[in-house]
2 protein chains.
Amino acid sequence: MNKKSGRGRRTGSPDTRDLIRQAARKRFLSDGYQAVTMRSVAADAGVDVALVSYYFGSKQGLFGATMSFAANPAEVFQAQLAGDLATLGSRALRSLLTVWDDPETGAPLLAVATTATVDQDLKRLVREGVGQEIVARLAERLEGPNGSQRAAAFTAQMAGIIFTRYVLRLEPIASMSIDDVVDILAPALQLALDGR
Amino acid sequence: MNKKSGRGRRTGSPDTRDLIRQAARKRFLSDGYQAVTMRSVAADAGVDVALVSYYFGSKQGLFGATMSFAANPAEVFQAQLAGDLATLGSRALRSLLTVWDDPETGAPLLAVATTATVDQDLKRLVREGVGQEIVARLAERLEGPNGSQRAAAFTAQMAGIIFTRYVLRLEPIASMSIDDVVDILAPALQLALDGR
């Protein structure tokens, strides 16, 4: 940012992309999900905000990249949320299981979920990210009373599946097929979404 | 255990109780929940097995004491399990929330839940303990097909409530009253128990 130091505004290069990622990671961990803007990350990295958009598209994309997510849970969920609410329980659960079961997409998510329980900065970041990208977006779409509470109930159930199947590896849920988990748990998820 | 060392079989005293607890903690962490017996802990502590029973009652009680649980989840759940299956969802959820909301009983549980995600020995211990004391006991009581899978689904949902309300402190579930959490989530828990 200081011309004399030679660190003026940078133009695109693989190094620049990585520089932005590193600046974003620091910002997310120090400020939390909510406070970070594309603009503040651009300023930290000494690049134009257009370059941040060019590489990462959105704050969601930037966050996913800083966490090395091969599949971004916020984007995966948003795609499901666009479909029919009456089948969201089973569709969202199946897509979650597919992403977490695959080592390539699942491993970085598991690393974050595990570390977030003991690292306070990361925990806050996950709390705010899940709160905004999952709970709040879902609550907006749900009809009827208590949308926010029903969205939280849905999220709690999804978190429980992640925790028991992938983190704790509790049997029999850890070894059940995706179809079996969906059969057994999707009705409960859908009930939380619909309310009684 | 060696008479010459002066560490022969001990009789009861507060020190003896603590000695047994320490021996049990080591055993549980090295061997897992399943393999530990009252007898093996007695041998490690150099005391008669009757003394282990006298202080701790059962393996459940011994485990709870080694983890410094002021309320033992296995015992709390077993009390609920003795009641009507048709209302188990709301009763078990309410008792879980009551125990975890109270700092005295909740704090030691939260410490174990948090540490278990990153400590492999403790994770195995929690996995086996929950598997035997919650999933297996519940599966025994459930009627109809897929009892074990339905018990796992119930346990996953309970774990999700613990994870979001107490570990992650995700809103709004972290701040909801016990009554509201029960209203919103007990029907889904009961559905998992009943099957569709």
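It should be noted that the structure appears before, not after, this text.
Residues numbered from 1 in each chain as written. Chains lettered and ligands numbered in written order. Predicted model: local features only at pLDDT ≥ 70, side-chain atom pairs only at ≥ 80, totals over all residues. Heavy atoms only, no water.

Caption draft 1: Spatial organisation of the overall build of chain A. When its secondary structure is counted, chain A shows ten helices and zero strands. For chain A, the spread of C-alpha atoms along the principal axes amounts to about 65 × 35 × 30 Å. Put simply, of all contacts in chain A between residues at least 6 apart along the chain, 64% involve residues at least 24 apart. Within the structure as shown, chain A displays about 8800 Å² of accessible surface, and the carbon and sulfur contribution to it stands at 52%. Averaged over its 23 positive side-chain charges, chain A has a centre that lies 10 Å from the centre of its 21 negative ones. (Helix = DSSP H or I, 4+ residues; strand = E, 2+ residues; numbered from the N terminus. Contact = heavy atoms within 4.5 Å. Areas by Shrake-Rupley, 256 points an atom, 1.4 Å probe, with all protein chains shown as cover. Lys, Arg positive; Asp, Glu negative; His and termini not counted. Charge placed at Lys NZ, Arg CZ, Asp CG, Glu CD.)

Caption draft 2: Up close: unusual backbone geometry. The omega angle of the peptide bond from A:Glu171 to A:Pro172 is 5°, so this bond is cis rather than trans. With respect to the helices, strands and loops of the structure, A:Pro172 is situated in the loop between α9 (147–167) and α10 (178–194). In the Ramachandran plot, A:Arg169 falls in the positive-phi region, its phi being about 55° despite a non-glycine side chain. Residue classification places A:Arg169 among the partly exposed positions, given a relative accessible area of 48%. Even without a glycine there, the phi angle at B:Ser68 is positive, about 60°. Of note, B:Ser68 is situated in the loop between α4 (59–66) and α5 (73–81). Classification of B:Ser68 as partly exposed rests on a relative accessible area of 45%. (Buried < 20%, exposed > 50% of the residue type's maximum accessible area, 1.4 Å probe, protein only.)

Caption draft 3: Representation of the pattern of salt bridges in the model. Residues and elements named next belong to chain B. Counted according to the given criterion, the structure contains 14 salt bridges over all chains. A salt bridge links Arg21 to Asp18; the nearest nitrogen and oxygen atoms lie 3.2 Å apart. Of this pair, Arg21 and Asp18 both sit in helix α1 (residues 14–35), three residues apart, which is roughly one turn of that helix. Judged by its relative accessible area of 22%, Arg21 is partly exposed. Linking Glu133 and Arg137 is a salt bridge whose minimum nitrogen-to-oxygen distance equals 2.8 Å. A residue pair is termed a helical-turn pair when its members lie 3 or 4 positions apart in one helix, as Glu133 and Arg137 do in helix α8 (residues 120–141) at four residues. For Glu133, a relative accessible area of 7% corresponds to the buried category. (Salt bridge = Lys/Arg side-chain N within 4 Å of Asp/Glu carboxyl O.)

Caption draft 4: Region of interest: the packing of aromatic side chains. Counted according to the given criterion, the structure contains 17 aromatic pairs over all chains. Taken together, a centroid distance of 6.1 Å and an interplanar angle of 80° make the contact between A:Phe63 and A:Phe69 edge-to-face. Exposure remark for A:Phe63: the relative accessible area of 10% places this residue in the buried category. Judged by centre distance (5.2 Å) and plane angle (65°), the ring pair of B:Tyr54 and B:Tyr55 falls under edge-to-face. What makes B:Tyr54 exposed here is its relative accessible area of 64%. Judged by its relative accessible area of 21%, B:Tyr55 falls in the partly exposed class. Aromatic rings pair up to connect A:Phe28, A:Tyr33, A:Phe63 and A:Phe69 into one cluster. The ring of B:Tyr33 carries the charged tip of B:Lys59 above its face, separated from the ring centre by 4.8 Å. (Phe/Tyr/Trp six-rings, centres within 6.5 Å; stacked < 30°, edge-to-face > 60°. Lys NZ or Arg CZ within 6 Å of the ring centre and 35° of its normal.)

Limitation: the analysis is restricted to geometry and does not speak to function.
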